[in-house]
Amino acid sequence: MDMTMESCRTFVEVLASNAPAPGGGGAAALVGAIGTALGNMVGSLTVGKKKYADVEAEIIALKAKCDALQTELLNQVEEDDKGFVPLSKAYGIPKDDPNRDAILEDATITACKVPMHIMELCCEAIDCVAVFAAKGSRLAVSDAGCGAVCCKAALQAASLNVFINTKTLKNRQVAEELNAKANAMLNKYCALADEIFNEVKAGFGQ
């Protein structure tokens, strides 16, 4: 079942239940989509305003990019569920099966792919939100700050869904490559999201 087609209340109720999905990865994808949409809202409130005519073309292009990012992030809610299925099945293989370790290893790598992609999408979203915060309507700049906070949270949440899997990989070279990629995104984009938040907050004299 595609949980993004359900109500917000149903999503939260299922998330709180013992159902295997959605979990942290799906929640991260949804929060990332919400953060992206908040930035995009600033763009929507900027386009068509004479005061921002000089940046309108840039904002329109950025809005189109964010439309695509929102859709892709929402798609990851279901993709994360699908990515977890092979791992769940692999853990059910009898421990005396000679193929268990290889199957489990492949399934673990597969389970890393969606949260890693969610992280990449959140990084792109934070780049966009930075522009909306700097050049978008001042009347909605708080929403850009909110968007940055949400995207940062989604980025961090998705990273934990990478790290829980890389910890168990037998192939440590692959694990460390994935860890390094995830940590590089965290280091760069958590700092950028914090910068956006602090600049927006400072604009309110806080």
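My aim in this report is to walk through the structure given alongside it, one point at a time. Worth saying up front: this structure is predicted, and the values here are computed from it rather than measured.

In this section: the overall build of the protein. In terms of helices and strands, the protein carries six helices and zero strands. Reading the protein from its N terminus to its C terminus gives the helix and strand order α-α-α-α-α-α. Principal axes of the C-alpha set define a box for the protein whose edges measure 70 × 35 × 30 Å. Counting the 206 residues in the protein, one finds 42% classified as buried. Counting only contacts in the protein whose residues sit at least 6 apart along the sequence, the fraction spanning at least 24 positions is 76%. Here the protein carries 20 positive and 26 negative side-chain charges, and the mean point of each set is 5 Å from the other.

Now for the environment of E79. Within the secondary structure, E79 is located in helix α3 (residues 56-91). The class of E79 is partly exposed, set by a relative accessible area of 32%.

The next point concerns the pattern of salt bridges. Applying the stated rule across the entire model yields six salt bridges. Close ionic contact of R172 with E176 constitutes a salt bridge, the shortest N to O distance being 3.2 Å. One end of the pair, R172, and the other, E176, are both in helix α6 (residues 172-203), four residues apart, so they sit about a helical turn from each other. A relative accessible area of 35% means that R172 is categorised as partly exposed.

On to the environment of L160, then. You can see L160 is positioned in helix α5 (residues 141-166). A relative accessible area of 56% means that L160 is categorised as exposed. Each C-alpha atom, one on L160 and one on M116, is 9.8 Å from the other, the two residues being 44 residues apart in sequence.

What follows deals with the side chain of S159. Within the secondary structure layout, S159 lies in helix α5. For S159, the side chain forms a polar contact with the main-chain oxygen of Q156, separated by 2.6 Å. If we skip the residues at most four places from it in the chain, S159 touches M119 and L186.

What follows covers the side chain of D143. Relative to the helices and strands, D143 resides in helix α5. For the buried D143, no salt bridge exists, and the shortest N-O distance to an oppositely charged side chain is 11 Å, to R138. Once residues lying within four places of it in the same chain are set aside, the contact partners of D143 are L38, G39, M41 and V42.

Okay, the nonpolar core next. Ranked by internal contacts, the top residues of the largest apolar core, which has 49 residues, are M116, I118, M119, I126, F132, L155 and I196. Among the elements of the structure, α1 (8-16), α2 (24-44), α3, α4 (100-135), α5 and α6 are those that each provide at least two residues to this core. Considering every element that reaches this core, the biggest residue donor is α4, with 14 residues. Those residues in contact with I126 that lie beyond four places of it in its chain are C151, K152, L155, Y189, L192, A193 and I196.

Right, let's talk about the packing of α2 against α3 for a bit. Between α2 and α3, the shortest axis-to-axis distance is 8 Å and the interhelical angle comes to 165°. In terms of orientation, α2 lies roughly antiparallel with respect to α3. Regarding α2 and α3, the two cross each other, and that crossing is left-handed. Residues G25, G26, A29, L30, G32, A33, T36, A37, N40, G43 and S44 of α2 pack against I59, K63, C66, D67, L69, Q70, L73, L74, Q76, V77 and D80 of α3. Looking at the contact of α2 with α3 residue by residue, the classes come out as ten nonpolar, nine polar and three charged.

Once that is clear, we can look at the packing of α4 against α5. Across the interface, α4 lies against α5 with an axial gap of 8 Å and an inter-helix angle of 160°. The pairing of α4 with α5 is recorded here as roughly antiparallel in orientation. When the axes of α4 and α5 are compared, the crossing they make is left-handed. Considering only residue class, the contact of α4 with α5 consists of 21 nonpolar, six polar and one charged.

What counts and how
- Residues numbered from 1 in each chain as written.
- Predicted model: local features only at pLDDT ≥ 70, side-chain atom pairs only at ≥ 80, totals over all residues.
- Heavy atoms only, no water.
- Helix = DSSP H or I, 4+ residues; strand = E, 2+ residues; numbered from the N terminus.
- Buried < 20%, exposed > 50% of the residue type's maximum accessible area, 1.4 Å probe, protein only.
- Contact = heavy atoms within 4.5 Å.
- Lys, Arg positive; Asp, Glu negative; His and termini not counted.
- Charge placed at Lys NZ, Arg CZ, Asp CG, Glu CD.
- Salt bridge = Lys/Arg side-chain N within 4 Å of Asp/Glu carboxyl O.
- Polar contact = N/O pair within 3.5 Å; in protein donor to acceptor, adjacent residues only side chain to side chain.
- Core = buried A, V, L, I, M, F, W, Y, C linked by side-chain atoms within 4.5 Å.
- Axes fitted to C-alpha atoms, helices over the stretch in contact; angles between N-to-C directions.
- Parallel < 35°, antiparallel > 145°, perpendicular 65-115°, else oblique.
- Left-handed = near helix turned anticlockwise from the far one by under 90°.
- Nonpolar A, V, L, I, M, F, W, Y, C, P; charged D, E, K, R; others polar.

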